[in-house]
Amino acid sequence: MKKILFLALGLAFALPSLSFAHGPTRLKTVETIEISAPPAEVWGVIKDFNGMPNWHPAIKESTCEGCNEVGANRVLTLQSGGMIKENLEKYDEEGMRFFYRITEVDPKVLPVNNYSAWLIVEDDGNGGSKVTWKGAYYRGFTGNTPPEGMSDADARTAITGVYKSGLKNLKASVETK
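Worth saying up front: this structure is predicted, and the values here are computed from it rather than measured.

Cut-offs applied
- Residues numbered from 1 in each chain as written.
- Predicted model: local features only at pLDDT ≥ 70, side-chain atom pairs only at ≥ 80, totals over all residues.
- Heavy atoms only, no water.
- Helix = DSSP H or I, 4+ residues; strand = E, 2+ residues; numbered from the N terminus.
- Buried < 20%, exposed > 50% of the residue type's maximum accessible area, 1.4 Å probe, protein only.
- Contact = heavy atoms within 4.5 Å.
- Core = buried A, V, L, I, M, F, W, Y, C linked by side-chain atoms within 4.5 Å.
- pLDDT = per-residue confidence, 0-100.
- Pairing = 2+ DSSP bridges.
- Axes fitted to C-alpha atoms, helices over the stretch in contact; angles between N-to-C directions.
- Disulfide = S-S within 2.5 Å.

A.B. asks: Looking at this structure, I do not really get the overall build of the chain. What am I missing?
C.D. replies: Broken down by element type, the chain carries 3 helices and 7 strands. With 177 residues in all, the chain has 36% of them scored as buried. Taking the contacts inside the chain whose residues are at least 6 apart along the sequence as the reference set, 52% of them involve residues at least 24 apart.

Written out as structure tokens, the structure is:
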């Protein structure tokens with residue numbers, strides 16, 4: 001009986017401390033925008049995996065190997081000079097969507113880790129389009145106590161900013177044609 005009581009007390013004190021030992025939680029961001037243009041027209045702008053500099057203001061240039069084919073690798077050069085390497089993992093021309101993953105990024109450029117995202121164009125039901133950009137990721141520092149600039153809030157702020165600025169510029173560029 002004493003052994004059982006000792007074991008129960010030991011677990012009661014040990015389990016709460018174990019809950020603090022886990023790393024970061026997977027974060028998710030979803031941004032959408034309505035665009036007054038048919039889905040095929042919007043998809044025509046964003047479907048080129050190498051064409052991001054044409055609609056995203058933060059992207060200076062892009063180079064790509066095997067673009068628009070699953071397995072394609074692109075390197076985005078940012079206006080700030082930073083670089084992001086990405087891999088196209090799913091591409092659905094008919095469904096007007098693609099899925100990609102960041103394979104390499106300096107957390108000082110974008111404070112995320114294990115990032116993946118969908119970019120989707122849909123009919124909004126009113127003759128226009130709804131574009132959804134949704135991603136899942138961890139903060140740039142995956143240890144328990146992130147340094148300044150590498151927290152969950154920093155990662156979420158950065159990704160939200162990337163999505164909002166890109167979608168806003170996409171809308172402006174498509175609607176002014």
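Picking up where we left off.
A.B. asks: I would appreciate a short explanation of the environment of Glu65 in the present structure.
C.D. replies: Mapped onto the fold, Glu65 is located in strand β2 (residues 59–65). Given a relative accessible area of 61%, Glu65 falls into the exposed group. The sequence separation of Glu65 and Asn50 amounts to 15 residues, and the corresponding C-alpha distance is 8.9 Å. Apart from the residues within four sequence positions on either side, Glu65 is in contact with Ala72 and Asn73.

A.B. asks: Would you mind going over the nonpolar core with me for this structure?
C.D. replies: Soluble globular proteins: nonpolar side chains tend toward being buried together. Judged by nonpolar contacts, the single largest core of 38 residues is most densely connected at Tyr115, Val131, Trp133 and Leu170. Those elements giving two or more residues to this core turn out to be β1 (27–35), α2 (39–46), β3 (73–78), β4 (83–92), β5 (97–105), β6 (112–123), β7 (129–139) and α3 (152–175). For this core, the element with the most residues is α3, which contributes 6 residues. Not counting residues within four places of it along the chain, the set of residues in contact with Tyr115 comprises Tyr100, Arg101, Ile102, Trp133, Ala136, Tyr137, Ile159 and Tyr163.

A.B. asks: Would you explain the environment of Met96 in this entry?
C.D. replies: Summarising the element assignment, Met96 is placed in the loop between β4 and β5. Distance from Met96 to Pro39, taken between C-alpha atoms, is 8.2 Å for residues 57 residues apart in sequence. Setting aside anything within four residues of it in sequence, one finds Met96 in contact with Pro39, Ala40, Trp43, Leu119, Ile120 and Val121.

A.B. asks: Even after reading the chapter, I still don't get the confidence of the model for the chain, so can you show me in this structure?
C.D. replies: In regions of low pLDDT, the predicted coordinates are not meant to be interpreted in detail. Chain-level statistics for the chain give a pLDDT mean of 90 and a share of 88% at 70 or above. Overall, residues 5–9 carries pLDDT values under 50, and its contacts beyond four positions in sequence, including any with other chains, amount to 0 contacts.

A.B. asks: For this particular structure, what's the right way to read the sheet that holds β7?
C.D. replies: Paired through backbone hydrogen bonds, the strands of a sheet run either parallel or antiparallel to each other. Ordered in space as β1-β7-β6-β5-β4-β3-β2, the 7 strands form an open sheet in which the pairing is antiparallel. Where the open sheet ends on each side, the last strands, each with one partner, are β1 and β2. Taken over all neighbouring pairs, the strand axes of this sheet differ in orientation by 20° on average, direction set aside. The sheet contact formed by β6 and β7 spans 10 bridges and is antiparallel. Across the sheet, the residue bridging to Val112 is Arg139, located in β7. Each of β1, β4, β5, β6 and β7 is contacted by α2, which is oriented at about 150° to β6, the strand it contacts most. Sitting on the sheet, α3 is in contact with β1, β6 and β7, with an inclination near 15° to β1.

A.B. asks: Looking at this structure, how should I read the state of the cysteines?
C.D. replies: Two cysteines form a disulfide when their sulfur atoms are joined by a covalent bond. In the structure shown here, the tally under the stated rule is 1 disulfide. Shown here is the disulfide that connects Cys64 with Cys67, its sulfur atoms set 1.8 Å apart. On the sign convention where negative means left-handed, the S-S torsion of about 140° between Cys64 and Cys67 marks this disulfide as right-handed.

A.B. asks: Looking at this structure, I do not really get the side chain of Thr132. What am I missing?
C.D. replies: Mapped onto the fold, Thr132 is located in strand β7. The exposure class of Thr132 is buried, given its relative accessible area of 7%. With residues up to four places along the chain from it excluded, the contact list for Thr132 reads Val30, Glu31, Thr32, Trp118, Leu119, Ile120 and Glu122.

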